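For reference, the chains in residue letters:
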Amino acid sequence: MAETEEKGSDDLEGYEKVEHEDVEDMIWAEEPQLEFDDSELQQSAKEELKELVDEINMAGEASVQAEESYFEPNFEKELGTPDESLPQSDDFMEVAEHGIVEFAGDDVYGRKVIVISACKLPSNKSFNHDRFLRYLMYTLDKYVENDYSLVYFHYGLRSHNKPSLAWLWEAYKMFDRKYKKNLKALYLVHPSNFIRILWNMFKPVLSAKFGKKVMYVNYLNELKSHLHFDQLKIPKPVLDHDARMMERYKRTSQPQSGAFYTDRILSTQQFGVPVQTLQERNGGDPIPPVLKKITSYLEQEGLGTEGIFRRSAVASTIRKTQEKIDEGQDVDFNVIGDINLAAVLLKKFLRELPEPLMTFELYEDVITVEDLNKEELKVAYVRELVNKLPMVNYQLLRFICEFLDKVIQRSEDNKMTAANLAIVFGPNLIWSQSQASLSAMAPINALTRILFENFTEIFSR
């Protein structure tokens, strides 16, 4: 996987106008033959690009101003409270039913993942792209104030269902700094000539900072170093297409070197190991050493950190630190001195468990919590669910909740209320054996909030 090339700087110094002749060169420059025939898209792109060039040139200065604008975070609003001015989700049922935009849990760095699948776009004759744009913004508004990643599956975009380039340019203008600020990675999966044309077209008005977040992904196995592959919403046509490509180019489906995942479990490994195994290795202690180290460090140094658990850390540092821990090396977080790194590793430990702490068996019960109409009934219901957990799960969950209760007590400083922490930790404590669902996020967050707000009562055995 290679990061895209880009020019210029964050403030777009050296911005150059796009001329019609440049557009011709971009379209007809020799490209390697890729996976499917998009000649119709290229021909259409050629015509539409010429019409858009003048508009793009005029928008350059405005884009610079937008990129330079300052955004003051409001943590209470950021962590999951949708913009009240936007229509409610029920207003978009005719768009949502296609499943074009889907939530896919967290990536290996603890960031939310949103998947967009071009193959699910209906025919232009029956689909309202303006409504789709509003729905996309409505969906992203739930996640964009935390670090997040986007995965775009390009395969399946054809002349009959592709949006116009004018629509794409309008969409780019509407997705202002609010959406770009916390976007940490945009994975363009199975890029075609059409994608490369678009990238070249928009490059003059994209900041270098944003350009570094965009990555071409030629094969699905390249995602495994960054995403929890089994959580991804990968449409069958995309899977079939990737299988054909792999066969054609005789490429293996193993992760690239440097990936975390391996079939061999080390005797010292703490990430990705069942909690029962960890307890046995630890002489019967249900709390793994890595969690004791992380929570001890965060209690000493991180409880007052504004937005703790919201931010990611440097990906390479996360990977190297996790590898050291799994190899049994001593990791001193006080020496490292990175609060965000410790916070990410705590979430990562929970997310990489083979089974969530709240167990697959209880998942269906978890998502019915909102059917109860009184708070006291919900608390009693959650207490009953927690008491059904295996003892090691119960003890480890209690340990996590007890630590997070200390975080909540410092919420005036760190802005992390029980509701805010529920949004961050819910998907790391509860998930389905099948693919993640946007509709399940509300009950998962609700149950997690109740768990945190009523810690003492729920865990009073």
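Just so it is clear, the model here is predicted, and its values are computed rather than measured.

Here is what the cut-offs are and how they apply
- Residues numbered from 1 in each chain as written.
- Predicted model: local features only at pLDDT ≥ 70, side-chain atom pairs only at ≥ 80, totals over all residues.
- Heavy atoms only, no water.
- Helix = DSSP H or I, 4+ residues; strand = E, 2+ residues; numbered from the N terminus.
- Buried < 20%, exposed > 50% of the residue type's maximum accessible area, 1.4 Å probe, protein only.
- Contact = heavy atoms within 4.5 Å.
- Areas by Shrake-Rupley, 256 points an atom, 1.4 Å probe, with all protein chains shown as cover.
- Salt bridge = Lys/Arg side-chain N within 4 Å of Asp/Glu carboxyl O.
- Core = buried A, V, L, I, M, F, W, Y, C linked by side-chain atoms within 4.5 Å.
- pLDDT = per-residue confidence, 0-100.
- Pairing = 2+ DSSP bridges.
- Polar contact = N/O pair within 3.5 Å; in protein donor to acceptor, adjacent residues only side chain to side chain.
- Expected span 1.5 Å × (residues − 1).
- Axes fitted to C-alpha atoms, helices over the stretch in contact; angles between N-to-C directions.
- Parallel < 35°, antiparallel > 145°, perpendicular 65-115°, else oblique.
- Left-handed = near helix turned anticlockwise from the far one by under 90°.
- Arc of directions from axis to C-beta.

The next point concerns the overall build of the protein chain. Check the secondary structure of the protein chain and you find 22 helices and six strands. Here the protein chain, with 461 residues, has 54% of them falling under the buried criterion. Considering only residue pairs separated by 6 or more positions, the protein chain has 82% of its internal contacts joining residues 24 or more positions apart. Carbon and sulfur atoms provide 47% of the accessible area of the protein chain, an area that totals close to 21,100 Å².

Let us look at the pattern of salt bridges. Per the counting criterion, the structure on display carries 14 salt bridges. A salt bridge links Arg 410 to Asp 413, with the shortest nitrogen-to-oxygen separation between them at 3.0 Å. Exposure remark for Asp 413: the relative accessible area of 40% places this residue in the partly exposed category. Residues Glu 453 and Arg 449 are paired through a salt bridge, measuring 2.6 Å at the closest nitrogen-oxygen approach.

Despite not being glycine, His 190 shows a phi value in the positive range, around 55°. Relative to the helices and strands, His 190 resides in the loop between strand E5 (183-189) and helix H8 (193-202). The class of His 190 is buried, set by a relative accessible area of 0%. Phi is positive for Lys 415, which is not a glycine, with a value near 65°. Tracing the backbone shows Lys 415 in the loop between helix H19 (411-414) and helix H20 (418-429). Using a relative accessible area of 29% as the deciding quantity, one classes Lys 415 as partly exposed.

This part takes up the nonpolar core. Counting residues in each nonpolar core, the largest one holds 69 residues, and the members touching the most others are Phe 309, Leu 397, Phe 425 and Phe 452. When residues in this core are grouped by element, the largest group, 10 residues, is from helix H18 (residues 391-409). Core analysis: the next-biggest nonpolar cluster, separate from the first, contains 34 residues, Ile 100, Phe 132, Leu 133 and Tyr 143 among them.

Okay, the confidence of the model for the protein chain next. Taken residue by residue, the protein chain gives an average pLDDT of 76. The fraction at 70 or more is 72%. For residues 1-43, every residue scores under 50 in pLDDT, and the model assigns this stretch 103 contacts once sequence neighbours within four places are set aside. The model gives residues 50-90 a pLDDT under 50, and that stretch makes 69 contacts with residues more than four places away or in other chains.

Across the two faces of strand E6 (residues 214-217) the burial is the same, with Val 214 and Tyr 216 and Met 215 and Val 217 all buried. Here E5 runs beside E6; their pairing, made up of four bridges, is parallel. The partner of Val 189 across the bridge, within E6, is Val 217.

Another point: the side chain of Arg 111. Within the secondary structure, Arg 111 sits in the loop between strand E2 (101-106) and strand E3 (112-117). Polar contacts involving the side chain of Arg 111 include one to the side chain of Ser 149, which spans 3.5 Å. For Arg 111, the contacting residues outside a window of four places in its chain are Gly 105, Asp 106, Asp 147, Tyr 148, Ser 149, Lys 184, Ala 185, Tyr 187 and Ser 312.

An α-helix turns once per 3.6 residues; consequently, residues spaced three or four apart project the same way. For H20, spanning 12 residues, the distance from its first C-alpha to its last is only 14 Å, which falls clearly below the expected 16 Å at 1.5 Å a residue. The element H20 is largely enclosed, with a buried count of 11 among its 12 residues. Inspection of H20 places Ala 418, Asn 420, Leu 421, Ala 422, Ile 423, Val 424, Phe 425, Gly 426, Pro 427, Asn 428 and Leu 429 among the buried residues, and these make up the whole buried set.

For the rest of this paragraph, the subject is the packing of helix H5 (residues 129-140) against helix H6 (residues 165-174). Packing of H5 against H6 leaves a shortest axis separation of 11 Å and a crossing angle of 25°. Accordingly, the angle class assigned to the pair H5 and H6 is roughly parallel. The handedness of the crossing between H5 and H6 is right-handed. Note on element contacts: H6 touches H5 through Trp 167, Ala 171 and Met 174, opposite His 129, Asp 130, Phe 132, Leu 133 and Met 137.

A word on helix H17 (residues 375-387). Between the first and last C-alpha of H17 there are 18 Å, a value that for 13 residues agrees with the 18 Å anticipated at 1.5 Å per step. If you check which residues of H17 are buried, you get Lys 378, Val 379, Tyr 381, Val 382, Leu 385 and Val 386. One face of H17 carries all of its buried residues, which in axial projection span an arc of 165°.

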